[in-house]
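What the coordinates show
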Amino acid sequence: MLLRLEQLYTRLAFFISQDHPFEHHSAILTLFELMETASRADLKAELLQELERQKQILEALRDNPNVSEDMLEGVIEEIEGTAADLLDLTGKFGQHLRENEWLMAIKQRAGIPGGTCQFDLPSYYLWQLKPPEERRLDLQRWAGPLMPTAEASRILLKLLRNSGKSHQYVARRGVFQQMSGGKVVQLIRIGFDESLGALPELSANKYALNIRFINAATGESRPKPTEADVEFTLTHCKF
């Protein structure tokens, strides 16, 4: 869930920063995607619980001579501020968007191919004729109540990604297997030379991790495994 939110919030920020009406149309569609993706009733509680857990872990490091006191305090303050913003949110995630009849009319028509043409939604067409700055202010206002969730996701993913140690391996003829011994991880990161033109496919369970590098050539209905040895780094991340 956090990775999906990260991708959507990154896309939203990019489209809002642009000027063309088509790009702001994409920003609105991304708002709708966020509204649906994060609509789980327990998401807020889960984020708050995990933020509090991470805060307690970090507070236990206060007297550790190997930890920068200033950096530690900065992260803890960041967590506390984000948790407070989350607590201030009321109602269902994206409820302010659902209560906006104008936006919901766009959402309904957006599900129809070509359904947001000017003759379908003339008021939306007029909005797209506004100066970019005015449209951007509207988008930022609609996105504002969603931002505490974005910040919570960013902090938790940053802590998670920094939690593991990286090790160097070689996938012989593009294939690698590692027995997990029942070890549970929350995120697996793979670093590799993208110029090789190969991409990793992963499958994992509580017993083993399997990685297969495939040729990244576009246009093929069934990509083929690479025949070359691939050097890569593997990081197991867990809170």
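A quick note: this is a predicted structure, and the numbers were derived from the prediction, not measured.

Across its full length, the chain carries nine helices and six strands. Relative to the 2.2 N^0.38 estimate, which gives 18 Å for 239 residues, the radius of gyration of the chain is 22 Å and therefore markedly larger than a compact globule would have. With respect to the principal axes defined by its C-alpha atoms, the chain has extents near 60 × 55 × 30 Å. When burial is assessed residue by residue, the chain has 31% of its 239 residues classed as buried. Residue pairs in contact within the chain that sit at least 24 positions apart in sequence constitute 70% of those at least 6 positions apart. Accessible area for the chain stands at about 14500 Å²; split by element, carbon and sulfur atoms hold 53% of it. Taken together, the 28 basic and 33 acidic charged side chains of the chain have centroids lying 7 Å from each other.

The strand order β2-β5-β4 describes an open sheet built from three strands, whose pairing is antiparallel. Among the strands making up the open sheet, the edge pair consists of β2 (175-179) and β4 (198-204). The mean inter-strand angle of the sheet, taken between neighbouring strand axes irrespective of direction, is 15 degrees. The pairing of β4 with strand β5 (residues 208-215) spans seven bridges and is antiparallel. Paired with Leu199 across the strands is Ile214, a residue of β5.

Bringing the pattern of salt bridges into the picture now. Throughout the structure, instances matching the rule amount to 16 salt bridges. In this structure, Asp138 engages Lys130 in a salt bridge whose closest nitrogen and oxygen atoms are separated by 3.9 Å. Glu201 is the salt-bridge partner of Arg212, the closest N and O atoms lying 2.7 Å from each other. Taken as a pair, Arg212 in strand β5 and Glu201 in strand β4 lie far apart in primary sequence, 11 residues in all. Given a relative accessible area of 37%, Glu201 falls into the partly exposed group. Each member of the salt-bridge network shares a partner with another, and the members are Glu59, Arg62 and Glu73.

On to the domain arrangement of the chain, then. When its domains are assigned, the chain resolves into domain 1 (1-158) and domain 2 (164-237). For domain 1 versus domain 2, the separation of C-alpha centres amounts to 31 Å.

In this section: a nonpolar patch on the surface. Taken together, Tyr125, Leu126 and Leu129 make up a surface patch of nonpolar side chains, about 300 Å² in accessible area. Among the structural elements, Leu126 can be located in helix α7 (residues 122-128).

The residue Phe192 is located in strand β3 (residues 187-192) in this model. For the pair Phe192 and Thr233, spaced 41 residues apart in the sequence, the C-alpha separation amounts to 6.6 Å.

Time to look at helix α9 (residues 147-161). Taking 1.5 Å per residue, 15 residues should reach 21 Å; α9 reaches 21 Å between its end C-alpha atoms and fits that length. Within α9, the full set of buried residues consists of Pro148, Thr149, Ala150, Ala152, Ser153, Ile155, Leu156, Leu157 and Leu160. Against α1 (2-17), α3 (43-59), α4 (69-88), β3 and β6 (230-237) lie the buried residues of α9.

Turning to α3, a few remarks are in order. Because each turn of an α-helix spans 3.6 residues, side chains separated by three or four positions in sequence point in the same direction. When the terminal C-alpha atoms of α3 are compared, their 24 Å separation across 17 residues agrees well with the 24 Å that a helix rising 1.5 Å per residue should span. Buried within α3 we find Leu43, Leu47, Leu48, Glu50, Leu51, Gln54, Lys55 and Leu58. Buried residues of α3 fall within an arc of 165 degrees about the axis and therefore sit on the same side. For α3, the elements touching its buried residues are α1, α4 and α9.

What counts and what doesn't
Residues numbered from 1 in each chain as written. Predicted model: local features only at pLDDT ≥ 70, side-chain atom pairs only at ≥ 80, totals over all residues. Heavy atoms only, no water. Helix = DSSP H or I, 4+ residues; strand = E, 2+ residues; numbered from the N terminus. Rg over C-alpha atoms; globule rule 2.2 N^0.38 Å. Buried < 20%, exposed > 50% of the residue type's maximum accessible area, 1.4 Å probe, protein only. Contact = heavy atoms within 4.5 Å. Areas by Shrake-Rupley, 256 points an atom, 1.4 Å probe, with all protein chains shown as cover. Lys, Arg positive; Asp, Glu negative; His and termini not counted. Charge placed at Lys NZ, Arg CZ, Asp CG, Glu CD. Pairing = 2+ DSSP bridges. Axes fitted to C-alpha atoms, helices over the stretch in contact; angles between N-to-C directions. Salt bridge = Lys/Arg side-chain N within 4 Å of Asp/Glu carboxyl O. Domains from an automatic or database assignment. Patch = residues over 30% accessible without salt bridge, like charges linked within 9 Å, V, L, I, M, F, W, Y side chains within 5 Å. Expected span 1.5 Å × (residues − 1). Arc of directions from axis to C-beta.

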